[in-house]
Amino acid sequence: MQHPQPSPETGVPAIRVGIGGWTYAPWRGAFYPKTLPHARELEYASRQLTAIEINGTYYSTQKPATFAKWRDETPEGFVFSLKASRYATNRRELAGAKDSVDRFVRGGIAELGPKLGPIVWQFAPTKVFNAEDFGAFLELLPDEVDGLALRHVLDVRHPSFACEEYLKLARRHRAATVYTDSEDYPSMADRTAGFVYARLMRASTAFKAGYAPKALDAWADRLRAWAGGADPADLPLAGAPAPAAGRPQDVYAFFINGAKERAPAAARALIQRL
């Protein structure tokens, strides 16, 4: 598969589509060939998709050598999105997360080099927005590590974040807000950074590719419109004119939840449409 690479000369944005992780038993025989060795699953998945969101980094610390291994097993242009450590986000006072943030950022992620994509800071659904505390947390997020520019994404799941005060903080720190396609969490479509990050969580076993064909058509239209600079608040229906374009921006979309067994098929179907 040809992996998208934004051109610094033309400013052409990249649209990357993927799944969460690459190890899941029901994917054997459906996504992965039955005879494929487990040790080669990442090698295979990274040539079918254009990005993977790593969930394991949320639960446990990875060694620098592990990040280097992932880098070497994947093709040029492939990107990993990393979920940051839960010890930084699952706490009563976010302002005190400095040690956890530093430990994660400086724990070897720079080994991914150009394959290091956005870092997702995911907060519990019970975490209520507190402007002072959340603002102090955003101050802790570094702009770079070992010369690599960092992109931060905020996955906020409590309805209290759907307010102008939160959006102003996110914009000030150039942190993207996850657009969540879900029945369980709020979907904030406001653009708070120079890129868009979507997590698609409505996959169903009723469809071979997780989503109905028309829904995938609509998502392809949305991703193209977003890459052209449209605000995430503008969600065109399939076949509808694209919203007014602005400054081109990278777009990331991951099939994460719902019928997880359908995630690879959904991602590949969307990539084909793009």
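Data block above holds the structure.
Computed from a predicted structure; not experimentally measured.

**What about the overall build of the chain?**
Turning to step 1, where the next piece is worked out: Helix and strand counts for the chain stand at 9 helices and 11 strands.
Turning to step 2, where the next piece is worked out: The C-alpha radius of gyration of the chain comes to 18 Å, within 12% of the 19 Å expected for a compact globule of 274 residues.
Turning to step 3, where the next piece is worked out: Here the C-alpha coordinates of the chain stretch approximately 50 × 45 × 40 Å along the principal axes.
Turning to step 4, where the next piece is worked out: Evaluated residue by residue, the chain yields a buried proportion of 52% over its 274 residues.
Turning to step 5, where the next piece is worked out: Here the contacts in the chain between residues at least 6 apart in sequence split such that 69% fall between residues at least 24 apart.
Turning to step 6, where the next piece is worked out: Carbon and sulfur atoms provide 50% of the accessible area of the chain, an area that totals close to 12,700 Å².
Turning to step 7, where the next piece is worked out: Side chains of the chain carry 35 positive and 30 negative charges; the gap between the two charge centres is 6 Å.

**Some remarks on the pattern of salt bridges**
Turning to step 1, where the next piece is worked out: Per the stated rule, a full pass over the model turns up 15 salt bridges.
Turning to step 2, where the next piece is worked out: With its nearest N and O atoms 2.8 Å apart, the salt bridge here joins Glu41 to Arg28. A residue pair is termed long-range when its members are at least 10 positions apart, and Glu41 in helix α1 (residues 41-45) and Arg28 in the loop between β1 (15-20) and α1 qualify at 13 residues.
Turning to step 3, where the next piece is worked out: One salt bridge connects Glu73 with Lys69, and the closest N-O pair in it is separated by 2.6 Å.

**Observations regarding the pairing of strand β4 (residues 116-122)**
Turning to step 1, where the next piece is worked out: Here β4 lies mainly inside the structure; 7 of its 7 residues are buried.
Turning to step 2, where the next piece is worked out: Bridge count for strand β3 (residues 79-83) against β4 is 3 bridges, and the pairing is parallel. Bridging across to β4, Lys83 finds its partner in Val120.
Turning to step 3, where the next piece is worked out: In the sheet, β4 pairs with strand β7 (residues 152-155) via 4 bridges, with the strands oriented parallel. From the neighbouring strand, Val120 faces β7, where its bridge partner is Val153.

**Digging into helix α3 (residues 64-73)**
Working note: α-helix, 3.6 residues per turn, so residues spaced by three or four point in the same direction.
Turning to step 1, where the next piece is worked out: Every buried residue of α3 is accounted for by Phe67, Ala68, Trp70 and Glu73.
Turning to step 2, where the next piece is worked out: Of the surrounding elements, those touching the buried residues of α3 are α1, β2 (51-54), α2 (56-59) and β3.

**Structural notes on the side chain of Ser81**
Turning to step 1, where the next piece is worked out: Relative to the helices and strands, Ser81 is located in strand β3.
Turning to step 2, where the next piece is worked out: Looking at Ser81, its side chain comes within polar contact range of the side chain of Tyr197, at 2.6 Å.
Turning to step 3, where the next piece is worked out: Ignoring sequence-local partners within four residues, the contact set of Ser81 consists of Ile52, Glu53, Ile54, Pro118, Val120, Tyr197 and Phe254.

**Observations concerning the environment of Pro114**
Turning to step 1, where the next piece is worked out: One can find Pro114 in the loop between α5 (98-105) and β4.
Turning to step 2, where the next piece is worked out: Along the backbone, Pro114 and Glu76 are 38 residues apart, and their C-alpha atoms lie at a distance of 8.7 Å.

**Here's the deal with the nonpolar core**
Turning to step 1, where the next piece is worked out: Phe80, Trp121, Phe134, Phe137, Leu154, Tyr166 and Phe255 are the most contacted members of the largest nonpolar core, which totals 75 residues.
Turning to step 2, where the next piece is worked out: A total of 7 residues in this core trace back to one element, the largest contributor, which is helix α8 (residues 213-227).
Turning to step 3, where the next piece is worked out: Dropping the residues within four chain positions of it, Tyr166 is found in contact with Phe129, Phe134, Leu154, Val156, Phe161, Thr177 and Met188.
Turning to step 4, where the next piece is worked out: If you look at the next biggest cluster of nonpolar residues, it comprises 13 residues, including Val153, Tyr197, Phe254 and Ile256.

**A closer look at the packing of helix α6 (residues 131-139) against helix α7 (residues 164-172)**
Turning to step 1, where the next piece is worked out: Two elements in contact, α6 and α7, have axes separated by 10 Å at closest approach and are oriented at 15°. It follows that α6 is roughly parallel to α7 by the angle criterion. Crossing hand, α6 versus α7: right-handed. Residues Ala131, Phe134, Gly135 and Leu138 of α6 form the contact with α7, whose participating residues are Glu165, Tyr166, Leu169 and Ala170.
Turning to step 2, where the next piece is worked out: For the contact of α6 with α7, the class distribution of residues is 6 nonpolar, 1 polar and 1 charged.

**Structural notes on the packing of α8 against helix α9 (residues 263-273)**
Turning to step 1, where the next piece is worked out: At a closest axis distance of 9 Å, the pairing of α8 and α9 adopts a crossing angle of 60°. As summarised for this structure, α8 and α9 are arranged oblique, according to the angle between their axes. Crossing hand, α8 versus α9: right-handed. Along the contact surface, α8 presents Pro213, Leu216, Asp217, Trp219, Ala220, Leu223 and Arg224, while α9 presents Ala266, Ala269, Leu270 and Arg273.
Turning to step 2, where the next piece is worked out: Residue composition of the contact of α8 with α9, grouped by class: 8 nonpolar, no polar and 3 charged.

**What to know about the side chain of Arg157**
Turning to step 1, where the next piece is worked out: Position of Arg157 among the secondary structure elements: in the loop between β7 and α7.
Turning to step 2, where the next piece is worked out: Among the polar contacts listed, one links the side chain of Arg157 to the side chain of Asp155, at a separation of 3.4 Å.
Turning to step 3, where the next piece is worked out: In terms of polar contacts, Arg157 uses its side chain to reach the side chain of Tyr185, at 3.1 Å.
Turning to step 4, where the next piece is worked out: Setting aside chain neighbours within four positions, we find Arg157 in contact with Gln122, Phe123, Ala124, Pro125, Tyr185, Pro186, Arg199 and Met201.

About the thresholds
- Residues numbered from 1 in each chain as written.
- Predicted model: local features only at pLDDT ≥ 70, side-chain atom pairs only at ≥ 80, totals over all residues.
- Heavy atoms only, no water.
- Helix = DSSP H or I, 4+ residues; strand = E, 2+ residues; numbered from the N terminus.
- Rg over C-alpha atoms; globule rule 2.2 N^0.38 Å.
- Buried < 20%, exposed > 50% of the residue type's maximum accessible area, 1.4 Å probe, protein only.
- Contact = heavy atoms within 4.5 Å.
- Areas by Shrake-Rupley, 256 points an atom, 1.4 Å probe, with all protein chains shown as cover.
- Lys, Arg positive; Asp, Glu negative; His and termini not counted.
- Charge placed at Lys NZ, Arg CZ, Asp CG, Glu CD.
- Salt bridge = Lys/Arg side-chain N within 4 Å of Asp/Glu carboxyl O.
- Pairing = 2+ DSSP bridges.
- Polar contact = N/O pair within 3.5 Å; in protein donor to acceptor, adjacent residues only side chain to side chain.
- Core = buried A, V, L, I, M, F, W, Y, C linked by side-chain atoms within 4.5 Å.
- Axes fitted to C-alpha atoms, helices over the stretch in contact; angles between N-to-C directions.
- Parallel < 35°, antiparallel > 145°, perpendicular 65-115°, else oblique.
- Left-handed = near helix turned anticlockwise from the far one by under 90°.
- Nonpolar A, V, L, I, M, F, W, Y, C, P; charged D, E, K, R; others polar.

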